[in-house]
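Okay, here's what each chain looks like letter by letter:
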Amino acid sequence: MEQKVRVRFAPSPTGPQHIGGIRTALYNYLFAKQLKGTFILRIEDTDQTRYVPGSEEYLKKALDWCGIQPDEGVDQGGPYAPYRQSERKDMYQKYAQQLIDAGHAYYAFDTEEELNEMRERLKEARVAQPQYNAITRMTMKNSLTLSEKEVKEKMEAGEPYVIRLKVPRKDEVRLNDMVRGWIMVHSSTLDDKVLMKSDGMPTYHLANVVDDHLMKITHVIRGEEWLPSAPLHVLLYRFLGWEDTMPKFAHLPLLLKPDGNGKLSKRDSLKHGFPVFPMEWIDDDNNQLAGFKEDGYLPEAFLNFLAFLGWNPGTEQEIFSKEELIKSFKIEQINKAGARFDINKAKWYNQQYLKQKTNEELAEMLLKELEKEGVASSREKAAFVSGLMKERVTFPAEIWKNAQFFYVAPQRYDEKIVNKKWTEEAVTVLKAYANALKEQSNGISADEAKAVLEQVLNDLGVKMGRVMQALRLAVTGEGSGPDLMPTIEVLGTAETASRIENALERLGDKVKT
Ligand code: GLU
């Protein structure tokens, strides 16, 4: 029987996760859901020097906002709890010991200075990548060069030490990555990585492999930056005797800057003003980093945008709900090449999803905005306004910004349109239209408002096209906007007539001859 799929997202709480991390979470989630598997959130916090308070909470809120719910994890619990590595500290020592006993790891007592000296020495000898490896280890202070007695003495004297992996000198390490195919690395290029630090904490490498094994992870889906660590992890699986159940690996493509030159980073956000984080974050230098959430992106749009940063279904379809993504996502369709970040695409997605919202859903958002501004509105009016505006905006907050005239009579009139369109002819028509509207009941429909206008135009022998912008200007203050007749329907005849009269009074002397 096929093993049940179990995947994990394993972030380190070293600051806010940028969208690359959230994409990793999303791909893991989609893969798990499609195969009725389990999606796990594990917090990898063994590097206490890099710990940034608040990052775990930030991450959980971000996942929650975009609808990526873990099945097991720090808050959900599960059969392999705890899911925070610092709480699993005592489990790792045993495996480090197992590696030492089998001759695959050793104790090393070198101080920081001694390590630096070694690197300097190798640099002088023109070694391109100075490493603690099969050759250099024999010149250092470790349990391979020191006698058993010396090692014991040092330990008893409380000298700090680490445990290092003994990488074989000549070996080929192979792995079949689901995105990249076969990868072969010669062990001579690998470092004798530290597995246990002098503070008794495991490093990422040991904790990650041990936990993936203990938590029965079947697939490791993670960012490309972890690809160089993968051969080391394969060695660990081998040396721990777990190679048979080693998870399959899939390393995701990098997220690139908009121009394709280099990795997308927080600096790009600061430079261009677009978000690269799911939610806002204030960094150590007091920079306020923009968030997709606060910038007005809808979580569904964000998710869809994110899914396409590195994957596509091979068809023309671009709009995918979460459920459709779950059905269609395939690891084999993930690109190897880096994915270029394009904020305009994110905006496009937002617009598409905004259009799909019902007027009532948008009214909810608009009402909140109105409340902040202290403007009263019925739910009905808010829904009507939202319906008129939703095709014309990218973000929900723009509905209020661009549709204030539905609530507040214009205080100023677009100068350019005044100069071009405020003609004597228009003034005549507008006067007559205001009068005609006043004879109608207040609750007029868009069609009726139009019929009244047509009658006026007919009587005066003027074509509609010649006065429409002046009418819009009088009613809204702007030269463009949503359909005007439905706008008049929302405002009612009394308000529309009074706005026209107001404009006639204020702009009357600017008549173009
Ligand atoms: N803790 C690592 C990170 O911060 C996890 C990498 C992995 O998934 O193996 O991304």
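Model, not experiment: these values are computed from the prediction.

Enquirer: Would you explain the overall build of the protein chain in this entry?
Expert: Helices and strands together make up the secondary structure of the protein chain, namely 20 helices and 14 strands. Here the protein chain has a C-alpha radius of gyration of 33 Å; the compact-globule value for 513 residues is 24 Å, and the former is much larger. By principal-axis analysis of the C-alpha atoms, the protein chain measures approximately 110 × 55 × 40 Å. Looking at the 513 residues of the protein chain, the share that counts as buried comes to 50%. The long-range share in the protein chain, meaning contacts at least 24 apart out of those at least 6 apart in sequence, stands at 72%. Accessible surface, the protein chain as shown: approximately 25,000 Å² in total, 47% of it carbon and sulfur.

Enquirer: For this particular structure, what's the right way to read helix H3 (residues 89-101)?
Expert: Residues spaced three or four apart along an α-helix point in a common direction, a consequence of the helix completing one turn every 3.6 residues. The set of residues buried in H3 consists of Tyr92, Tyr95, Ala96, Leu99 and Ile100. Each buried residue of H3 sits inside an arc of 145° when the element is viewed along its axis, so together they form one side. What points out from H3, more than 90 degrees from its buried face, is the exposed set Asp90, Lys94 and Asp101. The elements touched by buried residues of H3 are strand S4 (105-108), strand S5 (162-165), strand S8 (194-196), helix H6 (204-214) and helix H7 (230-239). Two residues or fewer after H3 comes Gly103, characterised by a positive phi angle close to 80°.

Enquirer: Please explain the pattern of salt bridges as it appears in this structure.
Expert: Opposite charge on two side chains lets them pair, provided their charged atoms get close. Tallied over the full model, the rule gives 31 salt bridges. Between Asp283 and Lys266 there is a salt bridge; the shortest N-O distance is 2.8 Å. Pair noted here: Asp283 is in the loop between strand S12 (281-282) and strand S13 (288-289) and Lys266 is in helix H8 (residues 266-272), with a separation of 17 residues, a long-range link. According to the relative accessible area criterion, Lys266 is partly exposed, its value standing at 33%. Connected via shared salt-bridge partners are Arg8, Arg42, Glu44, Arg88, Asp211 and Asp212.

Enquirer: I keep staring at unusual backbone geometry and nothing clicks. Help me out?
Expert: Backbone phi values are negative for most residues with the exception of glycine, while trans is the configuration of most peptide bonds. The linkage connecting Ala81 with the following residue, Pro82, adopts the cis geometry, with an omega of -5°. One non-glycine residue, Lys216, lies in the positive phi region at around 55°. Relative to the elements of secondary structure, Lys216 occurs in the loop between H6 and strand S9 (219-223). With a phi close to 65°, Asn286 is a non-glycine residue in the positive phi region. Within the secondary structure, Asn286 sits in the loop between S12 and S13. The exposure class assigned to Asn286 is exposed, which follows from its relative accessible area of 64%.

Enquirer: Honestly, the site of the ligand in this entry has me stumped. Any pointers?
Expert: Looking at the ligand, the residues that line it are Arg8, Ala10, Pro11, Ser12, Glu44, Tyr204, Asn208, Arg222 and Trp226. Measuring from an oxygen atom of the ligand, one finds a side-chain N or O atom of Asn208 at 3.0 Å. Within the contact set of the ligand, an oxygen atom lies 3.4 Å away from a side-chain nitrogen or oxygen of Trp226. Among the detected pockets, the ligand sits in the largest pocket. For the shell around the ligand, a count of residues per class yields four nonpolar, two polar and three charged.

Enquirer: Got a minute to help me understand helix H19 (residues 484-491) in this structure?
Expert: The element H19 is largely enclosed, with a buried count of seven among its eight residues. For H19, every residue scored as buried is listed here: Leu484, Met485, Pro486, Thr487, Ile488, Val490 and Leu491. Summarising the contacts, the buried residues of H19 are in contact with helix H13 (379-389), helix H16 (424-438), helix H17 (446-460), helix H18 (468-476) and helix H20 (493-507). Just downstream of H19 lies Gly492, where phi reads positive at about 90°.

Enquirer: It is not clear to me how the packing of aromatic side chains should be interpreted in this structure. Could you clarify?
Expert: Two measures describe an aromatic ring pair: the distance that separates the ring centres and the angle between the ring planes. The tally for this structure, following the rule as stated, stands at 23 aromatic pairs. For the pair Phe109 and Tyr161, a centre-to-centre distance of 5.9 Å together with 55° between the ring planes defines the contact as tilted. In this pair, Phe109 is assigned in the loop between S4 and helix H4 (112-124) and Tyr161 in the loop between helix H5 (148-156) and S5, connecting sequence segments 52 residues apart. By relative accessible area, Phe109 is classed as buried at 3%. Each ring, one from Phe274 and one from Phe341, has its centre 4.9 Å from the other, and the planes form 45°; the classification is tilted. Pair noted here: Phe274 is in the loop between H8 and S12 and Phe341 is in the loop between strand S14 (339-340) and helix H11 (343-356), with a separation of 67 residues, a long-range link. Take Phe274 and Phe341: they sit in the same class, and that class is buried. What links up through ring pairs into an aromatic cluster is the set Trp65, Phe274, Phe292, Tyr297, Phe302, Phe305, Phe341 and Phe395. The residue whose ring lies beneath Lys154 is Phe109, and the NZ or CZ to ring-centre distance is 5.8 Å.

Enquirer: Mind showing me how you'd approach the environment of Ala434 here?
Expert: Relative to the helices and strands, Ala434 is located in helix H16. Assessed through its relative accessible area of 1%, Ala434 is described here as buried. Apart from the residues lying within four places of it in its own chain, the contact partners of Ala434 are Ala497, Ile500 and Glu501.

What counts and what doesn't
- Residues numbered from 1 in each chain as written.
- Predicted model: local features only at pLDDT ≥ 70, side-chain atom pairs only at ≥ 80, totals over all residues.
- Heavy atoms only, no water.
- Helix = DSSP H or I, 4+ residues; strand = E, 2+ residues; numbered from the N terminus.
- Rg over C-alpha atoms; globule rule 2.2 N^0.38 Å.
- Buried < 20%, exposed > 50% of the residue type's maximum accessible area, 1.4 Å probe, protein only.
- Contact = heavy atoms within 4.5 Å.
- Areas by Shrake-Rupley, 256 points an atom, 1.4 Å probe, with all protein chains shown as cover.
- Arc of directions from axis to C-beta.
- Salt bridge = Lys/Arg side-chain N within 4 Å of Asp/Glu carboxyl O.
- Near = heavy atom within 4 Å.
- Polar contact = N/O pair within 3.5 Å; in protein donor to acceptor, adjacent residues only side chain to side chain.
- 1 Å grid on protein atoms, 1.4 Å probe; cavity = no way out; pocket = protein on both sides within 12 Å on 5 of 7 lines; lining within 4 Å.
- Sits in = over half its atoms within 2 Å of the grid points.
- Nonpolar A, V, L, I, M, F, W, Y, C, P; charged D, E, K, R; others polar.
- Phe/Tyr/Trp six-rings, centres within 6.5 Å; stacked < 30°, edge-to-face > 60°.
- Lys NZ or Arg CZ within 6 Å of the ring centre and 35° of its normal.

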